[in-house]
Amino acid sequence: KSDYIAYSEDPSIESFENLTVGNFTRILFQYQKRFPIHPKMTLIINPEFGFMFTDNRDPSSNYDKSSGFEYHFGGNLTNFKRYLFSFYGLNRNQVNAFQFMHLGTSLQINPVSKFYITPHANYISASRGYFDEYIEDAFWPKYKWYDENSFAACYLYSLGSTFSYNSVIGPINIDFTGVGG
């Protein structure tokens, strides 16, 4: 548990003095499993979830305005930042949430040497609200992410395919992905 100063993009906040989220605890789970189903095909399953619990439910804690403690989603590049997750079809950091459950699946196909085709699907249930409010509807969210009701459980999904070539200068990737929700 820690007591941190929050960062806010809210223009109404003029000073960062006394702008805290209070004591909080984070739980983060990430897992990836690859299943070879053929010498040139691999099924990849990637479940993840992250939750943030706060001791301070005081409205003056600015829990809803702090962005330094969120989980961030978007982009498809490998990230080394702890709370930044790839989500095909989004720009980097396009979706931010305090609570989330994500499932990503893909099928990596290697039709010829150094060339890969990877169809993929992603689904996320997320919220900027408190855990107990989120978990009630987390498995069947009623809102799309862009409904601007991000304090309730919302969903977002993407479907697409990545075409990759492993060249001498490094991998070359072209991705086509559609996003809904």
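Note that the structure is a prediction, hence the values are computed from the model and not measured. (Residues numbered from 1 in each chain as written. Predicted model: local features only at pLDDT ≥ 70, side-chain atom pairs only at ≥ 80, totals over all residues. Heavy atoms only, no water.)

Participant: Report on the environment of Gly 50, specifying residues and quantitative values.
Facilitator: Along the chain, Gly 50 falls in strand 4 (residues 41–54). Residue Gly 50 is classed as buried on the basis of its relative accessible area, which comes to 0%. Separated by 76 residues in sequence, Gly 50 and Ala 126 have C-alpha atoms that sit 9.4 Å apart. Setting aside residues no more than four positions away along its own chain, Gly 50 makes contact with Ile 27, Leu 28, Tyr 71, Phe 98, Gln 99 and Phe 100. (Helix = DSSP H or I, 4+ residues; strand = E, 2+ residues; numbered from the N terminus. Buried < 20%, exposed > 50% of the residue type's maximum accessible area, 1.4 Å probe, protein only. Contact = heavy atoms within 4.5 Å.)

Participant: Tell me about the nonpolar core, and please be specific about residues and values.
Facilitator: Membership of the largest hydrophobic core comes to 13 residues, with the highest contact counts inside it found for Phe 73, Phe 100, Ile 124, Trp 145 and Leu 156. Listed by contribution, the elements that provide at least two residues to this core are strand 5 (71–73), strand 7 (95–97), strand 9 (115–127) and strand 11 (154–167). Discounting residues that sit within four places of it in the chain, Phe 73 has contacts with Phe 85, Phe 87, Leu 90, Asn 91, Arg 92, Asn 93, Gln 94, Val 95, Phe 100 and Ile 124. Counting residues in hydrophobic clusters, the runner-up holds five residues, among them Phe 51, Tyr 134, Ala 138 and Ala 153. (Core = buried A, V, L, I, M, F, W, Y, C linked by side-chain atoms within 4.5 Å.)

Participant: Please set out the packing of aromatic side chains residue by residue, giving values where relevant.
Facilitator: Counted according to the given criterion, the structure contains nine aromatic pairs. Residues Phe 29 and Phe 49 carry aromatic rings whose centres are separated by 5.2 Å and whose planes lie at 20° to one another, so their mutual orientation is stacked. Of this pair, Phe 29 sits in strand 2 (residues 20–30) while Phe 49 sits in strand 4; the two residues are 20 residues apart in sequence, bridging distant segments of the chain. Of the residues examined, Phe 49 reaches a relative accessible area of 27% and is grouped as partly exposed. Put simply, the rings of Phe 29, Phe 49, Phe 51, Phe 53, Phe 131 and Tyr 134 pair up and form one aromatic cluster. Across from the ring centre of Tyr 71, 5.0 Å away, lies the NZ or CZ of Arg 26, which sits over that ring. (Phe/Tyr/Trp six-rings, centres within 6.5 Å; stacked < 30°, edge-to-face > 60°. Lys NZ or Arg CZ within 6 Å of the ring centre and 35° of its normal.)

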